[in-house]
Amino acid sequence: MGKVVMYSSVSVDGFIADENDQPGPLFDWLTGGDVPLDESGEVKVSQTSYDYTRPYWDQVGVTIAGRHVFDLTDGWDGKPRAGSTT
């Protein structure tokens, strides 16, 4: 039997999403480094963040997103940043 871990974030004060509906300062760490976190190369973190995040990232089996995030990301072209594509 698999293990279920849930992660959730909601922007109610504009701290997660800014006025242009883009990730706010809370997620600056996802673009502020020089080590690619995934195959896309768009998400680059520090080596410390990579060492901490990548083991968790590799265990994600499914990514569930709300309709708004899905539309903003264009469904990640069918390849979520983490999680299974099948």
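These lines cover the structure that appears in this document, whether it is placed above or below. Computed from a predicted model, the values in this text were never measured in an experiment.

Points about helix 1 (residues 47–59)
Then comes step 1: Counted at 1.5 Å a residue, the expected span for helix 1 with its 13 residues is 18 Å, and the 19 Å between its end C-alpha atoms agrees.
Then comes step 2: The largest bend in helix 1 is about 40°, located at T53, with the proline P55 one to four residues further on.
Then comes step 3: Inspection of helix 1 places S49, T53, R54 and W57 among the buried residues, and these make up the whole buried set.
Then comes step 4: Looking at the buried side of helix 1, the elements it contacts are strand 2 (44–45).

Quick notes on the environment of L72
Then comes step 1: As for its placement among the helices and strands, L72 is situated in helix 2 (residues 67–72).
Then comes step 2: Between the alpha carbons of L72 and S49 there is a distance of 25 Å; along the sequence they are 23 residues apart.

A word on the nonpolar core
Then comes step 1: Counting residues in each nonpolar core, the largest one holds 9 residues, listed as I16, F27, L30, L37, V43, V45, W57, V60 and A82.
Then comes step 2: When residues no more than four places from it in sequence are discounted, the contact partners of W57 are L37, D38, R81 and A82.

Conventions and cut-offs
- Residues numbered from 1 in each chain as written.
- Predicted model: local features only at pLDDT ≥ 70, side-chain atom pairs only at ≥ 80, totals over all residues.
- Heavy atoms only, no water.
- Helix = DSSP H or I, 4+ residues; strand = E, 2+ residues; numbered from the N terminus.
- Expected span 1.5 Å × (residues − 1).
- Bend = angle between axes of the 7 residues up to and from the residue.
- Buried < 20%, exposed > 50% of the residue type's maximum accessible area, 1.4 Å probe, protein only.
- Contact = heavy atoms within 4.5 Å.
- Core = buried A, V, L, I, M, F, W, Y, C linked by side-chain atoms within 4.5 Å.

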